[in-house]
Amino acid sequence: MINIDDLFSINIFKNLSPDILAEIIPRLEERTVPAGSMIIYRGDPGYSLFMILSGSVAATLRNDEGIEYTLSTMEKGDVFGEMALITGEPRSANVRALTDVRMAELYQDAFLDLTATYPKLNESLLHLLTQRRARTAIRRQFINLEREEMLANLFAQEPPEIDQIIGKTKWARDLNETIDKLAFSEKNILILGERGTGKNLAARLIHFRNPLKERPLFHLDCANPPPIQRELRAQKKMEKDALYLEVAQASALFGHGLNAGTYAKSIRRGYIELADGGTVIMENIEFLSPLVQRLLVEYLIGGTFVRRGEDRLITSRVRLIATSSRTLAELKEQDHLNPELLEHIGGEIINMKPLRERKKDIPIIAINLLPEFNKKFSKGVEGFSEEALSSMIDHGWPLNVDELSQVVERAVAVAEGNTVSGGQVFLNASAFSTRGRFNLMRIQFLQKALTHPMFPKGLHIITVPFILGLILFTLIGPLEQNPANLVVWTVWWPVLILSVTVSARSWCGYCPLPVISDGVNHYRKKFLSIPRFFERYGIWIGIAGFILIFIAEHAANMFTMSRATGMLLLTILAGAVTTNLFFGRRSWCKYICPLGKVVAHLSALSLVELGSNTNVCSNQCATHDCVTNKSCPMGLHPAASATSKDCILCFSCAKSCKHQSVRLDMHIPWQDYLIPKKWDVAGSFFSVLLIGLVMAIKLPSWEPMHRILTQYLSFGMFMTDIAVPLFIAAFFTVIVLFASGFPVSPFWKKYFTVSGYAYLFLAFACFFNVYLHELVNNGPSILPWIVDLIGL
């Protein structure tokens, strides 16, 4: 049974006297819900609010992947369902019991009686809603309440935190002057520009720079208007159909009466009525239905309107600021807007420039974003390194300032000093699309396996003894017919190369070298900062190391000389341990590892690629758990454009993402590489050089070439095995460079990069064939050698 002590634990009742609470208790209904049960469903009619007396619940939604994610969790003392109760609109989210929950339910009729009798209760609820609005930025309006002025202030837009469009270009200065001029005008305005260019910010600045800025300001996204109650028998999920959109738009702008339809359970006042004397910002006006456009034209001509379901004329004077992502020509030619409406709202037109056309503004905008995110993550970042600024300036920014804000936020979240480095700038994959892809994370058992705490750590139980055993046995085992040496070149290495085409760089996720290095450095807490040389030239260090290893394999005849193989493996292990000893976890993997660089570049051919739903990351995520807790060993964000090359598929991001935004896409491996700027020069250089290296180690053994080198030129072993192969590889690479226009053509980098696309498949085939040859010819000897070794 509910008692007074229970109510004292509820936030909205804390300021009420025990006598008042005693009178409220009979109006409440006690409910008990077991853990895992759904309390309310999104879309249900909302005629009651809930107060948690014990236990906890979660408000959830489903993203466009069909995956449920958590909006917030609530515990004892919290209230939910109040918005739907007051507006009569459908529930905006699902609410599920996380534990056994005991709660009190208050129905709408009892609520209205109590708020009329006890004004303090209404004030407490309004205070709760104000706090909740600040946290979630919900734009809704109350209906059927007498305090219109209070409600207008509550749901009208807040002033922007910045007082001007940031930038130092002439366009930015001119725009700020235009905003100042229009702020003192009463004309309707049309603001055009791509997504993220700051259209809404410009609209709000126009309103708040007016001396009468205390006047109400309301915002309507015409593509996603506030919902209306649908007929209960209409169970199909058709929330975005044309009829629903039209009714919702008309209801949001002009309101509706009790007789408007089955969705109208009470009177609803529209934005044009509530914003009388103020401004309504209409975002995405091209989505406004033709009927609502005609109603809007009639209002703009006469200054009056009628609520749907009523016949009483209502007078209102509102300034409209419309925004659209279409160009003016598109709005005119493609019939997105009624010509009369366009004439009324297009008296003043502002065109917002995309960020890629004002790149001089990028550094100053990025720096201006730092204080906000420093405060959020308790950091002291003061600026960006040259590499970070260069990468941001070179980026295309398809989502403009919105995307720049996301990138800066992630960078601040992972920054360790007072400067953001180039490796901490995670640029969104601008061309990422789900078309032609299948998200493997939607397969339930696979998602559970990949996000299991023991994946991929459990595989280290196999890989660590495996590599240590290979090193030990190649060093102390038989000089000839060494099965460990044969396993390295005929099984491990060809299988590893082939696995890249199926699972990208996943080998690096369970590679034993970082585990051994971490074990050696277990008690070390402080490390040196990564030298900028490594960050800037790490890829070239890795490529140079790979060249040396590849040439040494053949020069030292490692396919048969087990001691040479053992020394190579031991040298790589020593390099990993030493590098990690000085610079911390995975520093070897990120910047130097030659084998990692090979696998990383070949991963472009993989059938799978890790990414994320950028809409979820941009609009639903406020914590960036996938980077803030440093769970990713490579320091990546799943939305970064370089993920396919650098990601080791350890799925730490998927384990920490509360929104289940991470995708593991099966796709056609080459489809993204037709997109400009998907690759860089280093990636193309690698694929060209790899073909050159294969030619370098094969051509000297070709009989005519071998005869020339040994008989006619009298080259010794060093020249034949090392110098000549290096010359052949360099010569082939230079030929491709000159064929690309180097150094005459200003576009040689572009042409050279395109050649990298073409050569990548051939490079993989040639490289794999070197070790496949060993597998076919010597692989069958493994078992006989083992049998002979153990004396059987």
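Higher on the page you've got the structure.
Analysis parameters
Residues numbered from 1 in each chain as written. Predicted model: local features only at pLDDT ≥ 70, side-chain atom pairs only at ≥ 80, totals over all residues. Heavy atoms only, no water. Helix = DSSP H or I, 4+ residues; strand = E, 2+ residues; numbered from the N terminus. Buried < 20%, exposed > 50% of the residue type's maximum accessible area, 1.4 Å probe, protein only. Contact = heavy atoms within 4.5 Å. Pairing = 2+ DSSP bridges. Axes fitted to C-alpha atoms, helices over the stretch in contact; angles between N-to-C directions. Core = buried A, V, L, I, M, F, W, Y, C linked by side-chain atoms within 4.5 Å. Polar contact = N/O pair within 3.5 Å; in protein donor to acceptor, adjacent residues only side chain to side chain. Expected span 1.5 Å × (residues − 1). Patch = residues over 30% accessible without salt bridge, like charges linked within 9 Å, V, L, I, M, F, W, Y side chains within 5 Å. Areas by Shrake-Rupley, 256 points an atom, 1.4 Å probe, with all protein chains shown as cover. Salt bridge = Lys/Arg side-chain N within 4 Å of Asp/Glu carboxyl O.

Novice: Mind showing me how you'd approach the overall build of the protein chain here?
Specialist: If you tally the helices and strands in the protein chain, you get 33 helices and 20 strands. Out of the 792 residues in the protein chain, the part that is buried amounts to 53%. Put simply, 77% of the contacts in the protein chain that link residues at least 6 apart link residues at least 24 apart.

Novice: Can you walk me through the sheet that holds strand β11 (residues 279-283) in this structure?
Specialist: Across a sheet, strands are paired by hydrogen bonds formed along the backbone, either parallel or antiparallel in direction. Strand order in the open sheet formed by five strands is β10-β11-β14-β9-β15, with parallel pairing between adjacent strands. Bordering the open sheet on either side are β10 (217-221) and β15 (348-351), each of which pairs with just one other strand. Neighbour-to-neighbour, the strand axes of the sheet open up by a mean angle of 15°, direction not taken into account.

Novice: Looking at this structure, I do not really get the sheet that holds strand β8 (residues 101-107). What am I missing?
Specialist: Across the sheet, which stays open at both edges, the four strands sit in the order β1-β8-β3-β6 with antiparallel pairing between neighbours. Each having just a single partner strand, β1 (29-33) and β6 (79-80) make up the two edges of the open sheet. Two strands pair when backbone bridges link them, and strand β3 (residues 48-54) and β8 are joined in this way by six bridges, in the antiparallel orientation. Across the sheet, serine 54 pairs through a bridge with arginine 102, a residue of β8. Along the sheet, helix α4 (residues 108-117) contacts β3 and β8; its crossing angle with β8, the most-contacted strand, is approximately 70°.

Novice: Looking at this model, I keep getting lost on the environment of threonine 623. Mind explaining?
Specialist: Here threonine 623 is to be found in the loop between α25 (614-619) and α26 (625-628). Considered as a pair, threonine 623 and lysine 658 are 35 residues apart in the sequence and their alpha carbons are 9.4 Å apart.

Novice: Can you walk me through the pairing of β3 in this structure?
Specialist: For a regular strand, side-chain orientation follows a simple rule: the groups alternate between the two sheet faces. Counting buried positions along β3 yields six of seven residues, so the element is predominantly enclosed. As paired elements, β3 and β6 share two bridges and run antiparallel to each other. Directly across from methionine 51, in β6, lies its bridge partner valine 79.

Novice: Could you clarify how one ought to interpret the nonpolar core in this entry?
Specialist: Within soluble globular proteins, side chains that are nonpolar tend to cluster in buried spots. Judged by nonpolar contacts, the single largest core of 121 residues is most densely connected at Leu404, Val408, Leu602, Phe767 and Tyr771. In this structure leucine 602 touches Ile497, Val500, Phe686, Leu690, Leu760, Phe764 and Phe767, once residues within four positions along its chain are discounted. If you look at the next biggest cluster of nonpolar residues, it comprises 32 residues, including Ala250, Tyr271, Ile272 and Ile285.

Novice: What is the right way to look at the side chain of threonine 463 in this model?
Specialist: One can find threonine 463 in helix α18 (residues 460-476). With a relative accessible area of 8%, threonine 463 lands in the buried category. At a separation of 3.0 Å, a polar atom in the side chain of threonine 463 contacts the main-chain carbonyl oxygen of tyrosine 510.

Novice: Hey, could you run me through helix α11 (residues 290-302) in this one?
Specialist: In a regular helix each residue adds 1.5 Å, so 13 residues correspond to 18 Å; α11 covers 19 Å between its end C-alpha atoms and thus fits that length. Buried residues along α11 sit against α9 (242-254), α10 (271-274), β11, β12 (304-306), β14 (319-324) and α13 (339-345). One or two positions beyond α11, positive phi appears at glycine 303, with a value near 75°.

Novice: In this structure, what is going on with a nonpolar patch on the surface? I would like to understand it.
Specialist: On the surface, a nonpolar cluster with roughly 600 Å² of combined accessible area is contributed by Leu783, Ile786, Val787, Leu789, Ile790 and Leu792. Secondary-structure assignment places isoleucine 790 in the segment after α33 (782-789). Since its relative accessible area comes to 56%, isoleucine 790 is described here as exposed.

Novice: Mind showing me how you'd approach the pattern of salt bridges here?
Specialist: If charged atoms from side chains of opposite charge come close, those side chains can pair. Within the structure shown, the criterion is met by 15 salt bridges. Across the salt bridge formed by lysine 170 and aspartate 174, the nearest N and O atoms sit 2.7 Å from each other. Of this pair, lysine 170 and aspartate 174 both sit in helix α7 (residues 170-183), four residues apart, which is roughly one turn of that helix. Owing to a relative accessible area of 31%, aspartate 174 belongs among the partly exposed residues under this scheme. Residues aspartate 361 and arginine 358 are paired through a salt bridge, measuring 3.0 Å at the closest nitrogen-oxygen approach. An identical accessibility class is assigned to aspartate 361 and arginine 358; each is buried. When salt bridges that share partners are traced, they join Arg269, Glu273, Arg307 and Glu310 into one network.

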